[in-house]
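Read off the chains here:
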Amino acid sequence: MSSYLISNVSVVGAAPTDVLIRDGVVAAVGAGLDAPEATVVDGTGLVALPGLVDLHTHLREPGREDAETVESGSRAAALGGYTAVCAMANTSPVADTAGVVEQVWRLGREAGLVDVQPIGAVTVGLAGEHLAELGAMADSAAQVRIFSDDGHCVADPRLMRRALEYVKAFDGIIAQHAEEPRLTEGAQMHEGEVSTRLGLTGWPAVAEEAIIARDVLLTEHVGSRLHVCHVSTAGSVEVLRQAKARGVRVTAEVTPHHLLLTDSRAETYDPVYKVNPPLRTEADVAALRAALVEGVIDIVATDHAPHAVEDKECEWAYARPGMLGLETALSIALDVLGPQWDLIAERMSRTPARIAGLEGHGLDPAPGVPANLTLVDPAARRTIEPAELASRSRNTPYARMTLPGRIVATFLRGEPTVLDGKAVL
Ligand code: DOR
Ligand code: ZN
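Residues numbered from 1 in each chain as written. Chains lettered and ligands numbered in written order. Predicted model: local features only at pLDDT ≥ 70, side-chain atom pairs only at ≥ 80, totals over all residues. Heavy atoms only, no water.

(A) Examining the coordination of the zinc ion (ligand 2) more closely. Within the protein, the zinc ion (ligand 2) binds to D150 (OD), H177 (ND1) and H230 (NE2); these donor distances fall in the range 1.8 to 2.4 Å. Between the four donor atoms coordinating the zinc ion (ligand 2), the angles at the centre fall across 84 to 127°, so the site counts as irregular. Binding-site remark: the zinc ion (ligand 2) is held by donors from one chain whose sequence spacing is D-x26-H-x52-H. Here the residue H177 occupies a position in the loop between β10 (173-176) and β11 (189-190), and H230 occupies one in the loop between β13 (226-228) and α7 (234-245), the gap between them amounting to 53 residues. The buried category is assigned to H230, whose relative accessible area is 2%. (Donors = N, O, S within 2.8 Å, 3.2 Å for Na, K, Ca; no water. Tetrahedral: all angles 85-135°; square planar, octahedral: opposite > 155°, others 65-115°. Helix = DSSP H or I, 4+ residues; strand = E, 2+ residues; numbered from the N terminus. Buried < 20%, exposed > 50% of the residue type's maximum accessible area, 1.4 Å probe, protein only.)

(B) Seen up close, the nonpolar core. Counting residues in hydrophobic clusters, the biggest one holds 110 residues, and the most contacted among them are I6, L49, M348, L375 and F411. Here the element with the most residues in this core is helix α11 (residues 329-337); it accounts for seven residues. When residues no more than four places from it in sequence are discounted, the contact partners of F411 are Y4, I6, I21, V41, T83, A371, N372, L373, L375, P416, T417 and L419. (Core = buried A, V, L, I, M, F, W, Y, C linked by side-chain atoms within 4.5 Å. Contact = heavy atoms within 4.5 Å.)

(C) Quick peek at the site of ligand 1. Near ligand 1 you find 14 residues, and of these R60, N90, N276, H307 and P321 are the closest. With respect to ligand 1, the side chain of H177 contributes an N or O atom lying 3.1 Å from an oxygen atom. One of the backbone nitrogen or oxygen atoms of G322 is found 3.2 Å away from an oxygen atom of ligand 1. For ligand 1, whose accessible area on its own is 290 Å², the fraction buried by protein is 94%. In terms of residue class, the shell around ligand 1 is built from three nonpolar, eight polar and three charged. (Near = heavy atom within 4 Å. Polar contact = N/O pair within 3.5 Å; in protein donor to acceptor, adjacent residues only side chain to side chain. Areas by Shrake-Rupley, 256 points an atom, 1.4 Å probe, with all protein chains shown as cover. Nonpolar A, V, L, I, M, F, W, Y, C, P; charged D, E, K, R; others polar.)

(D) How the structure looks around helix α2 (residues 98-111). For α2, built from 14 residues, the straight-helix expectation of 20 Å at 1.5 Å per residue is met to within 8% by its first-to-last C-alpha distance of 20 Å. When we look at burial in α2, the residues that qualify are A98, V100, V101, V104, L107, G108 and A111. Against α1 (70-79), β7 (82-87), β8 (115-118) and α3 (134-139) lie the buried residues of α2. Positive backbone phi, approximately 70°, marks G112, located one or two places after α2. (Expected span 1.5 Å × (residues − 1).)

(E) Representation of the packing of aromatic side chains in the model. Per the counting criterion, the structure on display carries two aromatic pairs. Consider the rings of Y4 and F411, whose centres lie 5.4 Å apart with planes at 65°: the pair is edge-to-face. With Y4 in strand β1 (residues 3-11) and F411 in strand β17 (residues 402-412), the pair connects residues that are 407 residues apart, well separated along the chain. One exposure class covers both Y4 and F411, and it is buried. Judged by centre distance (6.1 Å) and plane angle (65°), the rings of F147 and F170 are edge-to-face. Pair noted here: F147 is in strand β9 (residues 146-147) and F170 is in the loop between α4 (157-168) and β10, with a separation of 23 residues, a long-range link. (Phe/Tyr/Trp six-rings, centres within 6.5 Å; stacked < 30°, edge-to-face > 60°.)

(F) Inspection of the sheet that holds β13 at higher detail. Read across the open sheet, the five strands follow the order β9-β10-β13-β14-β15; overall the sheet is parallel. Of all strands in the sheet, those with a lone pairing partner are β9 and β15 (299-300), marking the two edges. Here β9 pairs with β10 via two bridges, running parallel. Across the sheet, F147 pairs through a bridge with I174, a residue of β10. (Pairing = 2+ DSSP bridges.)

(G) Fine view of the side chain of H361. Inspection of the secondary structure assignment puts H361 in the loop between α12 (341-356) and β16 (373-383). In contact with H361, not counting residues within four places along its chain, are V53, T83, A84, D115, A353, N372, L412 and R413.

(H) Here's a closer look at the packing of α7 against helix α9 (residues 282-294). Their axes nearest at 8 Å, the elements α7 and α9 cross at an angle of 30°. Classified by the interaxial angle, the pair formed by α7 and α9 is roughly parallel. Mapping the contact onto sequence places A234, V237 and R241 in α7 and D284, A287, L288, A291 and E294 in α9. Looking at the contact of α7 with α9, its residues break down into five nonpolar, no polar and three charged. (Axes fitted to C-alpha atoms, helices over the stretch in contact; angles between N-to-C directions. Parallel < 35°, antiparallel > 145°, perpendicular 65-115°, else oblique.)

(I) Region of the structure containing the pairing of strand β3 (residues 25-30). Where strand β2 (residues 17-22) meets β3, five bridges bridge the pair, whose relative direction is antiparallel. The partner of V19 across the bridge, within β3, is V29. Following β2, the chain reverses through two residues before pairing antiparallel with β3; D23 in that reversal takes a positive phi of roughly 55°.

Here you go:
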């Protein structure tokens with residue numbers, strides 16, 4: 001195995017030092033390290049972070065390999081500074097059996113660019129009627145610990161209770177897409193002043209908040225673990241704040257797009273801005289940012305949702321919801337939070353790794369730790385060109401925007417997956 005000496009680099013914002021990587025682990029951290037056999041990577045002006053971890057990625061394989069594959073999504077992730085991603089279950093076929101989660105897990109290993117940890121479906125076919133084979137997925141080679149019907153809500157409270165009870169046996173997590181379906185029938189965007197003006201059917205904030213409130217109570221009752229996907233409203237933050245104060249085992253994520261964009265984007269009628277849950281108001285964005293800093297929202301997760309051109313470049317009402325996220329998440333976080341490196345490491349690496357139980361991830365560079373890390377150039381600015389993204393899809397809402405920060409290198413167990421800002425494999 002190879003050795004790399006990252007010289008003069010700031011580890012999570014601290015004063016510059018050297019980091020020596022050897023045999024897949026961090027061998028030493030300190031000024032003036034000498035390692036003649038090592039390849040030198042000049043870290044001057046760069047910040048080293050523990051490799052980013054995404055708890056919410058759609059890789060589309062099996063089934064929609066025209067939109068993304070495990071390999072193309074893994075490459076997008078590595079270029080975004082990620083060393084591990086959790087792959088959502090809404091593939092075709094759905095990842096609701098040991099066979100499908102093992103297939104995704106194996107494809108991830110073969111691509112070898114990030115660790116791909118499959119998430120299993122809660123219900124068979126995401127249909128919300130019968131529990132999937134949660135135990136078989138947990139016992140499979142993929143060792144699934146997080147289950148989600150994301151894209152759909154587990155709306156039936158009895159089924160949600162049973163799922164929470166089932167995963168308690170192995171300390172698993174139910175990750176809920178919180179959307180009361182009876183309140184969002186036909187919804188096209190956030191219900192509010194803009195939807196009224198545009199004449200589009202609204203998706204009210206209460207459809208999210210009501211499910212989170214219910215699930216927090218169910219989780220407390222069962223004594224299990226809940227994770228709330230893509231929190232998007234100020235009201236949801238208040239429900240989560242109260243639940244955490246009571247000691248309920250609930251964690252929550254926010255996406256980069258909900259931290260930056262608002263429902264006013266719908267005025268363009270450009271379906272690139274159609275997403276579920278929808279973009280909300282300025283007040284929601286402010287509450288989400290504050291909650292992320294405070295820790296009421298635990299992590300940033302991308303909800304990277306690649307879609308083929310024909311599913312996005314059509315009339316708003318027919319377009320699929322979702323936007324790309326992996327290759328721009330760190331830049332959006334830097335834009336929103338500023339250079340608060342410890343906070344960024346906490347919300348984008350350490351805490352998501354801990355929630356997902358991903359061993360060897362989310363650890364700051366220190367002797368003996370697996371060398372999963374990423375190097376960021378905080379002074380760089382880049383203009384997003386959709387055609388230059390590694391994802392197979394092009395539905396980024398940041399096209400032609402100039403964003404701060406650039407991923408210079410990413411290391412997975414001591415081997416570079418990205419060097420000089422380019423994918424290695
Ligand atoms: O916008 C979204 N897209 N929200 C989801 O919950 C699912 C996702 C997808 O799979 O495209
Ligand atoms: Zn979702």
